[in-house]
Amino acid sequence: MKTEKTLYHFLRMPALLPFLLTVLLIFFLSTLLAGCQANQKPAQLQTLRIAEQHGLAYLPLGIMQTQGLLDRELAELNRENGRVDIQWIRMGNATAIREAMLANRLDIGFMGIPPFLLGVYRETGWQLFTGLSESPLGLVTLDESKQSLADLNPTDRIALPQPGSIQHILLAMAAERQLSNPKIFDNQLVSMGHPDGLAALLTRREVTAHFTAPPFLFTALEQPGARQLISGEQAFGGPFSFIIGALSPGWTDSPAHTEALKGFRRALDHSLSLAQDMILDAQRGAVEESRATLWQEVSAFYNLEPQVLLAHLSEPGFRYSSEILGLDTFIRAMDRFGYLDSTRVTELLIQR
Amino acid sequence: MKKAGIDPKILGVVLVLLILPAWEAIRIGGSISPLLMPPLVSIGSALLQGLIQGTLLVQIGLSLMYILTGAGIALVLAFFTLWISNLSPAVHHAVGILGALFHPLPGIVLLPIIILWAGIGPSAVLVVIVHSVFWPVLTNLQAGYRSIPETWRMTGQNYELAGWKFLVFIALPATFPYLLAGLRIAWARGWRALISAEMLFGAIAGAGGLGWYIHSRRVFMDSPGLFAGILVIMLIGSLVESMMFSLIERRTIQKWGMSL
Amino acid sequence: MTGQHEIPKKPILELKNISAGYADYPVLHQVNLQIFGSEVVCVLGPSGCGKSTLLKIAGSFLAPKAGSVVFQGKMVTNPDHHRLMVFQNQNQLLPWMTLEQNIRFALKHGPLKSHPSSWRERIAKSLQEVGLQNAAKLYPHQLSGGMAQRGALARAFGCQPALLLMDEPFGSVDAPTRSELQHLLLDLIANHHTATLFVTHDLEEALLLGHRILVLNSRGFITLDSRSTKPGHPSAVRQAMEHPDLRANRYDRP
C-alpha cells in the first residue's frame, strides 16, 4: 500500500526525533502551565494584585491608594518576609481584567456586574465580595433629530465599551422596555473605550450616540445640543451597583487569605465613608477643612483640578457603598437576552 | 520517482492528526481550565453551530467582501499608477520613493490616522486593505514591467499594440507571474490587516466580519467560539493560499511555462 | 527552386543615409539600402557592426539618428504589421497563448482585424505550411527550439507581410534543424514572394538563402553577390569565401 509505505518513510525520517522532542516539550510546558494554576496556596500572602479601571466610579480605590489605607491594614501580614507587596493595576476594560484573573495574574478585580456574571457563567470560580459604587450613566447624542431610542435608525452607530459590558446590557434592557426588542441595536454597536467613544461622538459623524460613564458622560452632556436619550437608572428601572469587586478563585480559607481579605474590607469601608464625605462636600459646594488635604491628594491622583472634581461629584447619582444592588435583575435580564443561564449562575454564586 | 521523503500533503494530515490528540492530552493531563484550552468537541460544536445558524457564515462573507472590494480598488489604482509612471519618469521615481516609504508600513499602524481621516466606518477598513494590497502589487507590477523581454515588446509593436492595448494584451500577461507574486503578499498582508481592523472598529453596517466575531466571542468569554473563529481565519487563509493561488498558478503561469 | 523570379523595379523598402549610434560611438554611418519586392537580401557582418540596429531601423522599432526609412513609397516612423520581425530568440511566441492562439492574435491585431471569419482557415494553412498542424494546441514552452522557430515563421507568413525582417532566426538551433529550417524558409519565400532582409553571421546560410549578399562593416556595405545570382550558385560561394572581409570574420563569430 502506498500510504503504508509513506508512513514507513515518515517514521524513519531523521526529523522525527526533534518532532518527538517538541511534543515532550509541549507536555512539559503544559504541566508548568497547569502547575502555576493550581499551586497558588502560599502560607503567607506575599503580593496582593488589584485591578481597577478609569473613571470616578472607582473613587474609593483612588482614596485607598492616596491615603495608604490598605498598606496600613495589611502592615501586620507577612511579617517574616517584610511587607505584603500591594500592586494596583489600572486596566482599559473588564475583558482585560477577566483575562488577567483567568491567567492568575490578579487577586482582586473591579468591574461592572454583567462582565462579572459572564465570568461566573463560564465557571471561572470568581466570588463577588463587595459592591463599590453607583454612578450616573447615560446614552448621549448630539444629533438634534434624535429625541428618544425610537429615533435611532439602523444606520446610526452606537459607541460603548464592548458587547457584554454593563452599558450594552443597559442599552438592551432599555430597548426591551421601550422597543420590545433587546437586540435591536446589537448590529450597530461600535466597541470603543470611553475616551475614544467620546472623541467619536464629538466628531458628530462617526457615531450617533455614546453610552458612557463620568467624567466622559459630563463632558458629552456639556456639548451644545447634547441630549441624554436614556439614563442608566431609567434603563435599569431603578438604582443598581455599577462597579463591584470580584475575588479570584485562588483565594482560600487559609488564615493568610482570610486576614488579608478582612484587612481589605476594613480599608475599603474606610475609603467608602471618605468618598461619601466627599460627596457631601460636593453637594454643599464647599470642602470641609479637615478634608482639604484629602481633596487635594485625590484630585492630583486623578489629574483633575479640585474644583472640577467637586463639580463632578456634585452631580446626582453617585453613591459609594459596599452594598450590591440589582444583581438578580441583571441575571434575569441577561438570561432573557441569551447571554447566560440564570439557574446555573445562581447556583454558582451560592456555592461560594 | 520522487526524491525519497514524504508527500507534504500526507505530512500535513499526519501533523494535524498529531496536534489534535496532543491538544486533548495537554488539556486533560494538565487539568487546564476549559476557558484557556477548550475541549476539541466544544470548539467543533461552536464551529458547526456558527455555520448552521449562519452567524459565522455572514461574518465570513462580510470579511471576504471587504477584502475583495479593497483588493479590487487597490488593483485598479496600481494599474493606473503603473500607466501614469510609464508616461513620465518623474512620476515613476516619485512612486518608487513613496513605495519605499509606505510599503514597509503595516496597515494596522496607520489605523489611528485612518480613523481621524476616514472615520471608523467601512471606508476606514477599505483604506487599510487598499494600503496593504496596493504597495506589494505595485512594486511587483513595476518589477514585472521592467523585465518584459524585448522580443515581446517588439512583437506587440509589430502588431501595432500601443497604449492601453499594449498594457492589456502584452504587459498584463507578460507581468502576470509578478502580479501573482504581488497578490500573494498582498493577500497575506490584507487578510491580517482586515481582521485586526475589524477587531478594532467593531460592527459596521450590520455585521462586523470575522475580526468582530472573535472580539465578541472574547468579550463574552466564549472560548470555544473564540477558537472556532481563529480556526476559520486559519482555514480561509490557507485555503486561499493553497487552493486559490495554487489553482491560478497551475492554470496560468505553470501552464504557460512562465514560473518566476 | 525553379529559376529566378522577376524583381520589380521599384524598391519596397529604402533606407536613405541612415546613421545610428552615439556621438563617440557611431554604429551606422550614412548607410543606404534598397530592397525590392520578393528579393532576399542577406546582411553579413562582424558582431557589433550594427546588423541588428539596421534591422530595428528597417522595422521602425528604432529611430535613426539621421536619414529616413521609406516603405512602399512612404516615410515611416512606427512599426506595422506589413514589416514583420522574426527573432533568433526561441521565446518570441507569446508564452501565454497556444501556437494557434499566437497566430490568431497576430491576425486579429494585424492584417485580418476586420475579417474574423477567415482566421481559422488562415491559421490552418500557415500551420500546414510549416508542418505544425499537430502542434496547434501546444503552448510555446512545450515546443522544441526548431518547432518554436517554425511557429514563429507560421505566425509571420500567416500575416502575409510585404517585408520580413529576420534577425539570425536560425542561430540558436542545432545544425540539422537549421538546415531543415533554411529549406523551409526557401519554400515559404518562393510561395509567398515575400521580400526579406535577413541578418546572419553564417556565410553558408547567406549563400543559400540570399539573392543578394551584403557585408556590413564600419565603412558601409560591400556587395558580395549581385542580384542576378541565383541563391546557392557555386560561383557566388567561391567568390564569397575568398572575400578578405569575411575570411577574417569567420574566426570571430559571436
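Residues numbered from 1 in each chain as written. Chains lettered and ligands numbered in written order. Predicted model: local features only at pLDDT ≥ 70, side-chain atom pairs only at ≥ 80, totals over all residues. Heavy atoms only, no water.

Colleague: Is there a simple way to think about helix α12 (residues 292-301) of chain A in this case?
Modeller: Note on helix geometry: an α-helix contains 3.6 residues per turn, so any two residues three or four positions apart are oriented the same way. All names here are of chain A. Among the residues of α12, Leu294, Trp295, Val298 and Ser299 are the ones counted as buried. On an axial view of α12, the arc spanned by its buried residues comes to 120°, and they lie on one face. Across α12 from its buried face, at more than 90 degrees, point the exposed residues Gln296 and Ala300. Turning to α12, the residues buried within the fold contact α3 (59-66), α11 (255-284) and α13 (306-313). Directly after α12, the chain includes Asn303, whose backbone phi takes a positive value near 60°. (Buried < 20%, exposed > 50% of the residue type's maximum accessible area, 1.4 Å probe, protein only. Helix = DSSP H or I, 4+ residues; strand = E, 2+ residues; numbered from the N terminus. Arc of directions from axis to C-beta. Contact = heavy atoms within 4.5 Å.)

Colleague: Can you walk me through a nonpolar patch on the surface in this structure?
Modeller: Residues and elements named next belong to chain B. Together, Ile97, Leu98, Leu101 and Phe102 make up an exposed nonpolar region whose accessible area comes to about 380 Å². Among the structural elements, Ile97 can be located in helix α4 (residues 89-102). What makes Ile97 exposed here is its relative accessible area of 54%. (Patch = residues over 30% accessible without salt bridge, like charges linked within 9 Å, V, L, I, M, F, W, Y side chains within 5 Å. Areas by Shrake-Rupley, 256 points an atom, 1.4 Å probe, with all protein chains shown as cover. Salt bridge = Lys/Arg side-chain N within 4 Å of Asp/Glu carboxyl O.)

Colleague: Help me out: how do you make sense of the confidence of the model for chain A in this one?
Modeller: Predicted coordinates in areas of low pLDDT are best not read in detail. Looking at chain A, the pLDDT average stands at 85 and 88% of residues meet or exceed 70. For the stretch residues 35-41 of chain A, pLDDT sits under 50, and the model shows nine contacts to residues farther than four places along the chain or on other chains. (pLDDT = per-residue confidence, 0-100.)

Colleague: Which parts of the structure should I look at to understand empty space enclosed by the protein?
Modeller: Here the idea is plain: a probe the size of a water molecule rolls over the atoms and shows the empty space left. What the rule picks out here adds up to three cavities of 30 Å³ or more. Computed from the structure, the largest cavity encloses a volume of approximately 60 Å³. Lining of the largest cavity is provided by Thr155, Asn158 and Tyr159 of chain B together with Leu84, Met85, Val86, Phe87, Gln92, Ala152, Arg155 and Ala156 of chain C. (1 Å grid on protein atoms, 1.4 Å probe; cavity = no way out; pocket = protein on both sides within 12 Å on 5 of 7 lines; lining within 4 Å. Points joined across faces, edges and corners; volume = space filled by probe spheres on them.)

Colleague: Would you mind showing me how to read the sheet that holds strand β2 (residues 85-90) of chain A here?
Modeller: The strands making up a sheet associate through hydrogen bonds between their backbones, and the pairing can be parallel or antiparallel. All names here are of chain A. With mixed pairing, six strands are arranged side by side in an open sheet as β2-β1-β3-β10-β4-β11. In this open sheet, the two edge strands, each paired with only one partner strand, are β2 and β11 (319-320). Across two bridges, the pairing between strand β4 (residues 127-134) and β11 is antiparallel. Looking at the pairing, Ser133 lines up with Tyr320 of β11. Here α3 sits on the sheet in contact with β1 (47-52), β2, β3 (108-112), β4 and β11, set at roughly 140° to β2. (Pairing = 2+ DSSP bridges. Axes fitted to C-alpha atoms, helices over the stretch in contact; angles between N-to-C directions.)

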